[in-house]
Every structure is written in C-alpha cells, then in structure tokens.
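# Summary of structural features
The lines below spell out each chain.
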Amino acid sequence: MSGTNGSAPRPKGFETLALHAVPHLRAQQLAVTELNIYNWDTYIAPEVLAEFEQRHRVKINYDTYGSNEEMHARIKAGDTHYDLIFPADYMIQMMANEGLLQPLNASQLPNLKHIDPNFLNPDYDPGNRYSVPYQWGTLGIGYNLETTGKEIDSWTAMFMPQYAGRIAWMDDTRYTIGAVLMFLGYDPNTQRVEEINQVRDFLIKQKETIAAFADDIGQSLLNQGEVDIAFEWSGDIFQVMKENPDLRYAIPKEGSIIWTDNMAIPSQARHRQLAEQFINFILEPTVSARISNFTQYGSPNRTARQTSLINPSDLGNPGIYPPAELFAKLKHLKHVGESSRLYEAAWDAIKTSSPSPST
C-alpha cells in the first residue's frame, strides 16, 4: 500500500490504459461529474477505475497518501474535496467519533451480500454504519534470501547485529510501535505509558541498526538492494517478489498485526451518491477479484473467493491467507482514545533522538 504525499499520479498504468481506450476517452469527454478518491498508491487495478468511468460517464480524480495519519490530518483540516477514502480499522473508529465520516445508506449497497460475514459488523464500526471492507492483510517481514542466507520467521531478525544498517521500519506510529509491542510481549493496543515508553527506549537503542524509517517504500528499498530486511505490508512485498525471485515475505511466528482497510465517505464529500455507487461497484465479485489479484492482498469478498475468481496461487499462499494457527496470533489495531498522544510522543522521540551509547 505504498503512497506519496499530496496530489499524486493515478495508479501505475492508468494513463497508458486511457490513451488506448477510445470509449474511456469518450466517457471522460461526456462526464457530467467527478468522483474524488483519496487512497493508497498501487492499491487498485487501473482498469477498474477506467471501467467505472465508462459505466457511469464520470471522471475520477485519484490522489494518494502514505499513512492513515496523513490521510486523517488532511481530512480533519477540512480543506479537501474527497468523496471516498480508505481508512484502516482503527482509523474508522477515530474518524467516526470525530464526526469526519457520513453514515452509509445500506439500501444503495446491495452487493454487501457478497462480503464474508467475518468482515461485517466489526468492533470498530458496529453495523457497518460508516464503512465497508475493501482489502485486508498483514504486516510482516520482507527480506532478501540471498543476503540473509536463511529463511526468516521471527521479529528477532529485525534486531540482529549482522543486519545492522540494512533494516527498514515503516514510518508509521501505530504500526511500527504496535509490532515492537508484540515482540516485547505486550498488547499492540496498550494504553500503559510504561509499555509504550519501553518500545520508545528499545527502538532508540536500535537506531544504529536501522537504515530508514521508510515512508511506505520499504518494498522498493528491498527490491533495489538498499536494505536486506523491511517491515512492510504483505501485498507490497508480494508485488515486488514478481520482479525479484530472491525476495520473501514472512508473518513472524510470534504473531503480527492484521488490518482491514475500508471504503468510507467523508462528512464533507460533495458526491455521496456517486461514492456509494462506486462502493457497490467494488463489491461486485468480478471487480473485487480483479483488485485482489492486482494488489495480492486478502479479499473480504466471499463470493469472489468461492467462485474461483481469485488466483489459486494467492488463495494457497499462507502469507496472504494465513493458516488457522498463525491467524489466531494476529491482532487488529484499535483506537486508543487519549492514549494516542502517548504513541505520538513516543514516536517523536524515536524519530528525533540519537541512539543510546553502546554498553
């Protein structure tokens, strides 16, 4: 789910596809309105956007972001025009509490019937009042087998001295701190200041081994040989694995973070009805499958999975659809209320402090 700040190009391949699709250009010319989408980069199949434009004679403006916090800050500032956003689970709860999301009209979303019941009525959004699941996956370790010399299956690899200066963590407050909390044996949603500060002190001591806190480009650093190990989104690693046969992805045996990204409509959206049409379009099994086959993240669309629309190799990949024993060790992040300030303070200290002297 790589992203860039501010306005950004459409997903890779979108412009090339448009240049060769005369009906697509005609749809653009006849467009009566626009749909403004704010999403992660490389997180949707380009032809899906083109098909929706053609079907509804609408122009899609597509901007990308690099973290949930970046998206949240921009929406909260109130200077945006976005009709559709893709927040993670814990962020849905936070934004709903802040009045930043519009309730959805379920009558306009008949394709909800295709969603796996396990992804409906989540704790972070009871009754799916504000959100509909889009994609799901895990955070884990991407690594270069040629340089590590062995398979990796534990968080301990992120702290081994032999990889010093060749390790990338995500530049993301909750996910990085959450992963290290799990490594230290704590709940990734803890509100205990002493546990959060223990992560702070631990990572500051590790800064000599860390090559970068990457703005969701760990997979690129790994693919380009700039690091040997990266904490990243599962699908981002699987996408670069297509280019580099030496790369691998592992969900650490100690457990990791599972997430569900969702489609939601900001409270200030100008084109709510069109946004709901887009959500319902995405829920079509064939469309949902095309997205998952492109992103290589898990699909919450049960119909797409059960009717063999998802690539069989992906369905059989334990890094995408983990086995039950490993799945049981995965945890969602939750909104931690006022304790968010504790996480932000710890993260600021981690990013700005020098590593502690070796003893």
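Taken residue by residue, the chain gives an average pLDDT of 90. The fraction at 70 or more is 90%. When the criterion is pLDDT under 50, residues 2-22 qualifies, and its contacts beyond four places in sequence or with other chains add up to 56 contacts.

Following both chains from N to C, one finds helix H4 (residues 68-77) and helix H5 (residues 89-97) inclined at 20°, their axes separated by 11 Å at the closest point. Of the possible angle classes, the one that applies to H4 and H5 is roughly parallel. For the pair H4 and H5, the crossing hand works out as right-handed. Side by side, H4 and H5 meet where Asn68, Glu69, Met71, His72 and Ile75 of the first sit next to Tyr90, Met91, Met94 and Met95 of the second. Looking at the contact of H4 with H5, its residues break down into 6 nonpolar, 2 polar and 1 charged.

A few words now on the pairing of strand S1 (residues 33-40). Taken across its 8 residues, S1 has 6 buried, putting it largely inside the fold. When S1 meets strand S2 (residues 58-65), the two strands line up parallel, connected through 8 bridges. If you follow Trp40 over to S2, its bridge partner there is Tyr65. The parallel pair S1 and S2 is bridged by helix H3 (residues 46-56), and the resulting crossover is right-handed. When S1 meets strand S3 (residues 84-85), the two strands line up parallel, connected through 2 bridges. Directly across from Tyr38, in S3, lies its bridge partner Ile85.

Here we take up the packing of aromatic side chains. The final tally for this structure, using the stated rule, is 26 aromatic pairs. Taken together, a centroid distance of 6.0 Å and an interplanar angle of 85° make the contact between Tyr90 and Tyr175 edge-to-face. On the criterion of sequence distance, the pair formed by Tyr90 in helix H5 and Tyr175 in helix H7 (residues 173-183) is long-range, its members being 85 residues apart. A single burial state applies to Tyr90 and to Tyr175, both of which are buried. Here the aromatic rings of Phe159 and Phe202 are separated by 4.9 Å at their centres, their planes lie at 75°, and the arrangement is edge-to-face. Of this pair, Phe159 sits in the loop between helix H6 (145-148) and strand S5 (167-170) while Phe202 sits in helix H8 (residues 193-205), and the two are 43 residues apart along the sequence. Counting every residue linked through ring pairs, the aromatic cluster contains Tyr38, Trp40, Tyr43, Tyr65, Tyr82, Phe86, Tyr90, Tyr134, Tyr175, Trp233, Trp259 and Tyr297. Directly above the ring of Tyr38 sits Arg74, whose terminal nitrogen or CZ lies 5.5 Å from the centroid.

Rules used in this analysis
- Residues numbered from 1 in each chain as written.
- Predicted model: local features only at pLDDT ≥ 70, side-chain atom pairs only at ≥ 80, totals over all residues.
- Heavy atoms only, no water.
- pLDDT = per-residue confidence, 0-100.
- Contact = heavy atoms within 4.5 Å.
- Axes fitted to C-alpha atoms, helices over the stretch in contact; angles between N-to-C directions.
- Helix = DSSP H or I, 4+ residues; strand = E, 2+ residues; numbered from the N terminus.
- Parallel < 35°, antiparallel > 145°, perpendicular 65-115°, else oblique.
- Left-handed = near helix turned anticlockwise from the far one by under 90°.
- Nonpolar A, V, L, I, M, F, W, Y, C, P; charged D, E, K, R; others polar.
- Buried < 20%, exposed > 50% of the residue type's maximum accessible area, 1.4 Å probe, protein only.
- Pairing = 2+ DSSP bridges.
- Right-handed = clockwise from strand over helix to strand, strands pointing away.
- Phe/Tyr/Trp six-rings, centres within 6.5 Å; stacked < 30°, edge-to-face > 60°.
- Lys NZ or Arg CZ within 6 Å of the ring centre and 35° of its normal.

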